[in-house]
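# Close look at the chain arrangement
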Amino acid sequence: MAPDAMRTAAHSLSDARPLSYWLDDPGKPEALPALTGDERCDLLVVGGGYSGLWTALLAKERDPGRDVVLIEGHEVGWAASGRNGGFCAASLTHGLANGVERWPEEIGKLEELGARNLDAIEETVARYSLDCDFERTGEIDVATEPHQLGELRAWHRRTGELGLGGLEFLDRDQVRDHVDSPTFLGGLLDRRGVAMLHPAKLVWGLKEACLGLGVRIYENTRGLGLARSGAGTAVRTPYGRVFARDVALGTNIFPSLVRRVRPYTVPVYDYALMTEPLDADRLASVGWRGREGLGDSANQFHYFRLSADNRILWGGYDAVYPYGGRLDSSLDQRPETFLKLAGQFFACFPQLSGVRFTHAWGGAIDTCSRFSAFYGTALRGRVAYAAGYTGLGVGATRFGAEVMLDLLSGRETERTALRMVRSKPMPFPPEPLAWAGIELTKRSLARADSHGGHRNAWLRTMDRLGLGFDS
Ligand SMILES: Cc1cc2nc3c(=O)[nH]c(=O)nc-3n(C[C@H](O)[C@H](O)[C@H](O)COP(=O)(O)OP(=O)(O)OC[C@H]3O[C@@H](n4cnc5c(N)ncnc54)[C@H](O)[C@@H]3O)c2cc1C
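The structure displayed is predicted, hence computed values, not measured ones.

## As for the environment of Gly212
Within the fold, Gly212 resides in helix α7 (residues 199–212). For Gly212, a relative accessible area of 64% gives the class exposed. Linking Gly212 and Leu57, residues 155 residues apart in sequence, is a C-alpha distance of 9.7 Å.

## Examining unusual backbone geometry
Omega for the bond connecting Glu431 with Pro432 falls within 30 degrees of zero, at 5°, which places this linkage in the cis form. Here Pro432 shows up in the loop between α11 (419–422) and α12 (433–450). Despite not being glycine, Asp133 shows a phi value in the positive range, around 55°. For Asp133, the position within the fold is in the loop between α4 (107–127) and β4 (139–143).

## A word on the site of the ligand
The immediate surroundings of the ligand are formed by 36 residues, with Ser51, Glu72, Ser81, Phe87 and Gly223 found nearest. Interatomic distance of 3.4 Å between a side-chain N/O atom of Arg222 and a nitrogen atom of the ligand. Here a nitrogen atom of the ligand and a backbone polar atom of Gly391 are 3.1 Å apart. Expressed as a share of its isolated accessible area of 1,000 Å², the protein-covered part of the ligand is 98%. Counting only elements with at least two residues in the shell around the ligand, the list comes to α2 (50–62) and β16 (357–367). Here the element with the most residues in the shell around the ligand is β16; it accounts for 3 residues.

## Some points on the pairing of strand β17 (residues 374–378)
For β17, a buried count of 4 out of 5 residues is recorded, marking the element as mostly surrounded by other parts of the structure. Direction of pairing for β17 relative to strand β18 (residues 383–387): antiparallel, over a ladder of 5 bridges. Residue pairing across strands places Tyr375 opposite Ala386, the latter belonging to β18.

## Overview of the side chain of Ser91
You can see Ser91 is positioned in the loop between β3 (87–89) and α3 (96–102). One polar contact links the side chain of Ser91 to the main-chain amide nitrogen of Thr93, over a distance of 3.1 Å.

Procedures and definitions
Residues numbered from 1 in each chain as written. Predicted model: local features only at pLDDT ≥ 70, side-chain atom pairs only at ≥ 80, totals over all residues. Heavy atoms only, no water. Helix = DSSP H or I, 4+ residues; strand = E, 2+ residues; numbered from the N terminus. Buried < 20%, exposed > 50% of the residue type's maximum accessible area, 1.4 Å probe, protein only. Near = heavy atom within 4 Å. Polar contact = N/O pair within 3.5 Å; in protein donor to acceptor, adjacent residues only side chain to side chain. Areas by Shrake-Rupley, 256 points an atom, 1.4 Å probe, with all protein chains shown as cover. Pairing = 2+ DSSP bridges.

Function cannot be inferred from these measures alone, as they are strictly geometric.
Okay, structure coming up:
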């Protein structure tokens, strides 16, 4: 970055608060008391993010008589569910391209189930009056390099031939008519497949809805271990135990209580900035009347969107894997990434020069080698888990919750019959191999971005094996 641009970027960040904009909200509910003593229930849900809360809510909706307890190790929504970009996508496969590549024979079904899942989220938001700024705006993938434009055109043709996606190709003028940046060369618009929402308000709304249906929630209650107990399972917590017939784990990137699940995911830190609210003139200079979410098409991509009060969230680009898969809250703040992101923001929107960032934060993403979630059971089918959403879990966690409940019920459903649900990703190797492989992949992806999209021998091998690394 040129010294002037660096100074501008640094200045724009000088007042930024080091926490998620979404969680820095006066509406944030107080944490509920921790569990003390023993509890008994039909279903214990571990984890108070979207995964756990959807599981608890859907369990009660399926059977209101079921006794459901949820334990959260810290506070509901403090982790990825309270820090994400708020892009709530229909895709269950980390985007259509990933799904077509990995499950070509069932992609039609996966797309249908994903669309139904997003419709069901919208209905739930309406039914429980969840005040989470849900807007079904759609999303535009923009090309900022000539090779990306070619790729978008080819992908548009291919999805048309496959009868999937219903995507609209936008040329340079059309995309800039939606959102004006001198860097945009064209785009693909998906009008129905993505909604924007306030991530933390969704998680808090789901918590309220669960409590309203009679779910008992304990915060600051970490599950320390699970073991068979009679026909069910006992979960130890710091001040008590929970005896449950069934257990559902929505613990995302945190060490799974089922040890053999751990090698399937690695934490990848992803970062975002939030601007101050744009005034009417500044907003008019960008357009954005459709309020779509946007992402650029590079391997190291940015995602960006408007909030309800017309701030711009700008995130992505760096994907940081800490050696050994270390989870460490000091990694939530990364000034060198914030500086880079701010510089790239002003390169994208030079007309917004002078805008300031009010918040800068990061969070760990549960990355797996196939990018889309995997599912399974343990302890004779009495414990179910879903993890590995790899940066696209805002919508897909509701589907994962349905899968966990299906698996616990022991019944085959249209979800559990899917090859995507029955198969697992390739686990990550132990260190130092994981670090070496991830670093090589990251460098190769960055090189591809600056060399016309050309994928080197390492990336082509990974592609052939159906492996990858993403945030
Ligand atoms: C910066 C960032 C941007 C993102 N942007 C998007 C986006 O725009 N769109 C999108 O679709 N996805 C996005 N994601 C990913 C998305 O946020 C996640 O996929 C989703 O929130 C996962 O929900 P979850 O409930 O599985 O996990 P989490 O929200 O991480 O919740 C898991 C919870 O389990 C608790 N827990 C763990 N272990 C235990 C235990 N032993 N006992 C008790 N509790 C436990 C944790 O404390 C935590 O609260 C983003 C993620 C990040 C970090």
